[in-house]
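Fold and geometry: a report
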Amino acid sequence: MSEHSPDNSTTRPEKHRRVFRQEQRRAIRYRVSVAVTATISWLFWIMPGFLRSKTSDLIGDLFFRIAPTYRLNAMDNVRHVLPEADDLEVEMVVRSICRQSIYNFRDLLLIPHYEKGAIVHPDPLIEGSWSYLDDALARGKGAIIVTAHVGPFDYIMQMLHQRGYKITSVTGRTTSRFVFDGITWLRRRHNANIVEATPSGIRKVIQTLRQGDCAAFLGDFDYFGTGMKVTLFGHPTSIPQGPVRIARDTGAAIVPLFARRIGNRHALVLREPFVVERTRDMEADFNHGLSKLVEALEYGIGRTPDQWVVFQKMWPLAPINPSAPLRMTESANRVIEPVESTRVP
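The paragraphs below set out a description of the structure included in this document. In this convention, every chain numbers its residues from 1, walking through the sequence in written order. This being a predicted model, a pLDDT of at least 70 is required before a residue's local features are given, and a value of 80 or more before pairs of side-chain atoms are given or counted; all residues contribute to the totals for chains, interfaces and linings. The side-chain quantities take in all heavy atoms of the structure and omit both hydrogens and water.

Observations concerning the overall build of the protein
Only runs of H or I of at least four residues qualify as helices and only runs of E of at least two qualify as strands under DSSP, and these elements are numbered from the N terminus. Helices and strands together make up the secondary structure of the protein, namely eleven helices and nine strands. For the exposure calls, accessible area comes from a 1.4 Å probe over protein chains only, and a residue counts as buried if that area is under 20% of its type's maximum, exposed if over 50%, partly exposed in between. Taken across its 345 residues, the protein has 50% of its residues classed as buried. Methods summary: accessible areas were calculated by the Shrake-Rupley approach with a probe of 1.4 Å, and residue burial reflects only the protein chains presented. Only carbon and sulfur atoms are counted for the fraction: they give 53% of the accessible area of the protein, which is about 17700 Å².

Examining the pattern of salt bridges
Definition used for salt bridges: Asp or Glu carboxyl oxygen within 4 Å of a side-chain nitrogen of Lys or Arg. On inspection of all chains with the given rule, the structure shows twelve salt bridges. Here R248 ties to D285 by a salt bridge, and the two come within 2.9 Å at their closest N and O atoms. Of this pair, R248 sits in helix α9 (residues 242-250) while D285 is found in helix α10 (residues 282-303), placing the two residues 37 residues apart along the sequence. We classify R248 as buried; its relative accessible area is 5%. On the basis of relative accessibility, which here comes to 6%, the residue D285 falls in the buried class. Here the salt bridges share partners, and the residues they tie into one network are R248, D249, R278 and D285.

A short note on α10
Under the 1.5 Å per step criterion, the end-to-end length of α10 is 32 Å for 22 residues, consistent within 8% with the ideal 32 Å. Among the residues of α10, those classed as buried are M282, D285, F286, G289, L290, L293, V294, A296, L297, Y299, G300 and I301. By definition here, a helix of n residues has an expected span of 1.5 Å times n minus one.

Focus on the environment of A74
Following the sequence through the fold, A74 ends up in helix α3 (residues 68-81). Among the residues examined, A74 registers a relative accessible area of 1% and is labelled buried. In sequence terms A74 and E91 are 17 residues apart; their C-alpha atoms lie 9.4 Å from each other. In this structure A74 touches V94, V310 and F311, once residues within four positions along its chain are discounted. Any two residues whose heavy atoms approach within 4.5 Å at even a single point are treated as in contact.

What to know about the packing of helix α4 (residues 87-110) against helix α7 (residues 177-187)
Where helices are involved, their axes are fitted lines through C-alpha atoms of the stretch in contact, as for all axes, and angles between N-to-C directions lie from 0 to 180°. Contact geometry of α4 with α7 gives a least axis separation of 8 Å together with a crossing angle of 60°. What the angle tells us is that α4 and α7 run oblique. Judged by the sense of rotation from one axis to the other, the crossing of α4 with α7 is left-handed. Contact residues: F105, L108 and L109 in α4; I183, L186 and R187 in α7. When the residues that make up the contact of α4 with α7 are grouped by side-chain class, the tally is five nonpolar, no polar and one charged. By definition in this entry, angles of less than 35 degrees are roughly parallel, angles greater than 145 are roughly antiparallel, angles of 65 to 115 are roughly perpendicular, and the rest are oblique. By convention the crossing between two helices is left-handed if the near helix lies anticlockwise of the far one by an angle smaller than a right angle, and right-handed if it lies clockwise. Residues were grouped as follows: Ala, Val, Leu, Ile, Met, Phe, Trp, Tyr, Cys and Pro as nonpolar; Asp, Glu, Lys and Arg as charged; and all remaining residues, including Gly, as polar.

Here's the deal with the environment of G300
Among the secondary structure elements, G300 is positioned in helix α10. Excluding its chain neighbours within four sequence positions, the residues that come into contact with G300 are V150 and F258.

A short note on a positive patch on the surface
Residues enter patches when their relative accessible area tops 30% and they take part in no salt bridge; the joining distance is 9 Å for like charges and 5 Å for the nonpolar side chains Val, Leu, Ile, Met, Phe, Trp and Tyr. By the counting rule applied here, Lys and Arg register as positive and Asp and Glu as negative, while His and the ends of each chain are not counted. A single reference atom marks each charge: NZ on Lys, CZ on Arg, CG on Asp, CD on Glu. Taken together, R25, R26, R29 and R173 make up a surface patch of like positive charges. Along the chain, R173 falls in the loop between β3 (167-171) and α7. Taking relative accessible area as the criterion, R173 reaches 39% and is therefore assigned partly exposed.

A few points about helix α8 (residues 199-210)
Every α-helix carries 3.6 residues per turn, so stepping three or four residues along brings you back to the same face. Under the 1.5 Å per step criterion, the end-to-end length of α8 is 17 Å for twelve residues, consistent within 8% with the ideal 16 Å. Turning to α8, its buried residues number three or more, namely P199, G201, I202, V205, I206, T208 and L209.

Quick look at empty space enclosed by the protein
Put simply, the grid is 1 Å and covers the protein atoms alone, a cavity is a trapped set of points that fit a 1.4 Å probe, a pocket is an open set with protein on both sides within 12 Å along at least five of seven lines, and lining residues have an atom within 4 Å of a point. Grid points are joined across faces, edges and corners, and a volume is the space filled by probe spheres set on the points. Following the criterion strictly, the structure yields one cavity of 30 Å³ or more and no others. Taken as a whole, the largest cavity encloses approximately 260 Å³ of empty space. The wall of the largest cavity is formed by 20 residues, among which D154, M157, S169, R187 and I194 lie closest to the centre. When contributions to the lining of the largest cavity are tallied by element, the ones reaching two or more residues are α6 (153-162), β3, α7, β4 (193-196) and β5 (214-218). Considering each element in turn, the lining of the largest cavity owes the most residues, five residues, to α6.

Here it is as structure tokens:
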């Protein structure tokens, strides 16, 4: 060895120590996040029901007041859904949306304390038929449940899980990792299967469908800016292409599903399923699938806009550059990361 050759014996251990320290920090952060979440969950559980409701309302109203960016974004969204509403009506709807977001988080906090199977009664279905989902699964290719940020959507997924449906739900991190870890821990109670929208997560989704089970997606907001251009409520925007793409590639039927909160009751709406055909014209296949999905989203959101908890602008100010459809073999290996988009905060 030359006397000028670098001594790698010291640099390699140092690199390994750095990686180990990073992993330690991640593990500690996760444990702290879960501990904080579990503590808040327990406090909400022991709180008397009337006080729990009053606290949720106060936090929702405070959220409306101290989060002007989220408030204005939600107002813009509501004006697209309710174009004839005046400013006071829009404000009242957004106040309700802020409360609904807190109610949803409260529901998540309480889930760990319910016994398994305790939240399936009474039957939550108020519109549609369970046969829509059962018949889609009977085809043997799985079913893709597509919902929106409407009503108690997290709670309804847990309810379906406890009714015996095997569901892999796809989620994406849109907050800090600390908050996301706590929320994911809540969503995974009672052995619910949650995966992130990463290449490995999408592979698990495809495996789930090939086993004849369900995969669930939120299909209304394009968080990563990689969606497909559509016209929603008469205005151009983009929505995630994943459900339609995977449905075309796997043959799984798409079953639109929407949650509603009616007083203290958690309700469920099922829409008729549809299949995305696989022909030689991939673009035409996508357009057909997206048009069916947009129709379902307009129905689900339009019936309860006061429960649509999206606090980012759904309709951008700048023109949208439509993404080209990705084949499953390409997208399964693609790292899904937030990209610069034309949306404004």
